[in-house]
Amino acid sequence: MADEAKAKGNAAFSSGDFNTAIKHFTEAINLSPTNHVLYSNRSAAYASLYQYDAALTDAKKTVDLKPDWSKGYSRLGAAHIGLHQYQDAISTYKKGLEIDPNNEALKSGLADAQSAATASASRARAAPPPSPFGDAFQGPEMWAKLTADPTTRVYLQHPDFVKAMQEIQRNPSKLNEYLKDQRVMQALGVLLNVKLKAHGGGDDMEFPEAGSPPPPPPSQPAKEEVKKPEPVPEPEPMETTEEKAKKEQKEKALKEKEAGNAAYKKKDFEMAVQHYSKAMELDDEDISYITNRAAVYLEMGKYEDCIKDCDKAVERGRELRSDFKMVAKALTRKGTALVKMAKCSKDYDPAIEAFQKALTEHRNPDTLKKLNDAEKAKKELEQQEYFDPKIADEEREKGNECFKQQKYPEAVKHYTESLRRNPKDPKAYSNRAACYTKLGALPEGLKDAEKCIELDPTFSKGYTRKGAVQFFMKEYDKALETYQEGLKHDPNNQELLDGVRRCVEQINKASRGDLSPEELKERQGKAMQEPEIQNILSDPVMRQVLIDFQENQKAAQEHMKNPMVMNKIQKLVTAGIVQIR
C-alpha cells in the first residue's frame, strides 16, 4: 500500500501537482513511517511550493533515518537555501560530500550556497557615506598645496601633523577626529581654497555651495610673487632597523637558494649544500631551503642526512603553518630515502608510513605511485624471505598424512603453508585441489588444478584433478576436453583414460535420452548459462540447421558433412538441449 501511494505521489510530482503529491506521500509515510525516501520526496514537494520550513523538517527526518544517504543532504541543503540559511546549507552540502565526494548534485548545491552567501554578505555590508572632503586629500597634489602655503609648510616639520594628514588621506572619514587641531583646520582651508576664521568651531568655516566655483580671493596690495617650491613626495612610513635587517637577510637567503639551485643543476652537490645551508642560516622561516638540501643529500646517497633534514622541515613547517604541499614534499622525500636504505621487508614499513602521511597532507600522484611501489617491493621481499623449499616439502608431506587420514581441513592448512614456502610447487597445488574436491569446494579446487597445469603443463595429475572437478560440476564436455588434453602428455595414464570413459558414458546417456526429467532439466538449465551454448542457439544459421534436422532429412545429411556444424550439434547434445533418437 505504501508503494502504491508513493507511486501516485511521484506521478503527481512529475505532473507539477505538488499539493496532491504531498497528500500521497503523507499517506505513504503513515503506512511506512521509517522509509527515508518518502520524507525526501515530500521535502522536494514542499520546496517546490516554497514551503521551506516544512521541507526542512522532512529533510532533517530523512537524514536522521538514513545518515549515509547523500540525497538527504541535498534536500536539507536546498531547504536551508530557501530559508536564506546559507552557512547551514554550506555545512550540510560539505557533510554530504564527505559521504559521496563525486555527487554532482551536492557539488552544484554547495556552489550555489557559497555564491548566495557571498552575495548576501555583499548586500549586508553597506558602504560608508563618502566624505564631502575626500577629493581634497587625494593624490600628491595635497602635499604640493601644503608645501606651497607658507603657513602649512611649517606644519610639515611636525611629525604628528604629517602622521595625521597621512591617516586622513588614507581614510577621509577620520577628519572628524582632528577637527580640534587648528593646524589640520588650516590645512583643510588651504586644500579647499576657502578662508577659515582663526578661532572657533566648525560652524565658523565658510564653504562654497556645491557646484559653485570658489570665491575670488580678496583684493590685496600687490606683493612679490612667492615662488612655489617643487612638490615633495608623500612621506612613507619608516622601517625600523630590525625590519630592514630582516628584509635584507631574506633577500640574501633567496640569492643563496638561487645559487644552490644552479649548482644542483650542474651536479655540483657539495656547492649546492653550502648555498642551501647558508640560506637556512639567513632565514629560518622558509622550509624550502631545508627540503632542497634534503634533495641534494638524496642525490649524494647521504640518506640519513636527507631524513634528518626532512624531519626538520616537517617540524618547522608545522610551527610556521607552512603550505601543506611543502610538508608533503618533505615527507615524500623522507620515504624515498628510507626505500633506498631498505634491505629487508620490515625496512619498508617506515617508508610506507612516510608516504601515507604525505598523502594525508597532499594527495600527489607521484607520492601515491611511490607508496604502491614500496608496498609491492615489501610483499616481494616477504615472499623471498619466507621461501624455503625444504620446509615446503616437509609441510606437503604433513598434508599427505592428513589426507590419508581423511583430515582434509588440516591437510589444506599444511598444503597452504607449503605453497607459502614454495609458491612454484605444482604438486602442492595438485594435492590441495584434491582436498578441496573432497570438501566440496569445487571452485577453489578448479583454481588450484589450473594453477598446477600452468606451472607444469606435462604433470598429468593436474589434468586428473581438473577433470574430476569439472565432472563433479557436471560439465562433462569440459571434463572430456581436459582428460583428452592430459592424454597428449601421458597417453597411457589410467586415471585419464578412466576419466574419458566416464565422461563419454554421461554424454551418451544424454544423447540416448536416458536422463530422468529432473536430470535433464538441471543439465539444460546449467547449459543455458554457458555463453557458448547461448551463442549457438542465437545463431540464425544453427537455428535453421536444427529445423532441417527435424523436417528436411536431405538438408540434414548435407549439414552432417560440415565438421563445424557437427561440432556445435555435439555440444548441444552433450548439454541435453538436443537429443538424437
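The following paragraphs examine the structure supplied in this document. (Residues numbered from 1 in each chain as written. Predicted model: local features only at pLDDT ≥ 70, side-chain atom pairs only at ≥ 80, totals over all residues. Heavy atoms only, no water.)

## Points about the overall build of the chain
Scanning the chain from N- to C-terminus turns up 30 helices and zero strands. Residues counted as buried form 38% of the 581 residues belonging to the chain. (Helix = DSSP H or I, 4+ residues; strand = E, 2+ residues; numbered from the N terminus. Buried < 20%, exposed > 50% of the residue type's maximum accessible area, 1.4 Å probe, protein only.)

## Considerations on unusual backbone geometry
The phi torsion at Arg321 lies on the positive side, around 55 degrees, for a residue other than glycine. Locating Arg321 in the fold gives a position in the loop between helix H15 (303-320) and helix H16 (324-341). Taking the relative accessible area as the measure of exposure, Arg321 reaches 78% and is therefore exposed. The residue Gln406 is not glycine, and still its phi comes out positive at about 60 degrees. Mapped onto the fold, Gln406 is located in the loop between helix H19 (389-404) and helix H20 (408-421). Gln406 gets classed as exposed once you look at its relative accessible area, which sits at 59%.

## Topic: the side chain of Asn400
Here Asn400 is to be found in helix H19. A distance of 2.5 Å separates a polar atom in the side chain of Asn400 from a polar atom in the side chain of Tyr415. Not counting chain neighbours up to four residues away, the residues in contact with Asn400 comprise Tyr415 and Asn431. (Polar contact = N/O pair within 3.5 Å; in protein donor to acceptor, adjacent residues only side chain to side chain. Contact = heavy atoms within 4.5 Å.)

## What to know about the packing of aromatic side chains
All told, the structure shown has six aromatic pairs when counted by the stated rule. Relative to Phe269, the ring of Tyr264 has its centre 5.8 Å away and its plane inclined at 55 degrees; by these criteria the two rings are tilted. Assessed through its relative accessible area of 16%, Phe269 is described here as buried. On the numbers, 5.3 Å between centres and 65 degrees between planes, the contact of Phe403 with Tyr408 is edge-to-face. On the basis of relative accessible area, Tyr408 is assigned to the buried category, the value being 15%. The ring of Tyr386 has Arg420 sitting right over it, with the charged end atom 4.5 Å from the ring centre. (Phe/Tyr/Trp six-rings, centres within 6.5 Å; stacked < 30°, edge-to-face > 60°. Lys NZ or Arg CZ within 6 Å of the ring centre and 35° of its normal.)

## Describing the nonpolar core
Of all hydrophobic cores here, the largest spans 23 residues; its most connected members are Val296, Cys306 and Tyr348. When residues of this core are traced back to their parent elements, those giving at least two are helix H13 (269-282), helix H14 (288-300), H15, H16, helix H17 (348-361) and helix H18 (365-386). Looking at this core element by element, the count peaks at five residues for H17. Once you skip the residues sitting within four places of it in the chain, Cys306 turns out to touch Ala294, Tyr297, Leu298, Arg333 and Ala337. Ranked by size, the runner-up nonpolar core spans 19 residues in total, among them Leu56, Ala59, Leu106 and Leu110. (Core = buried A, V, L, I, M, F, W, Y, C linked by side-chain atoms within 4.5 Å.)

That's the geometry; what it means functionally is another story.
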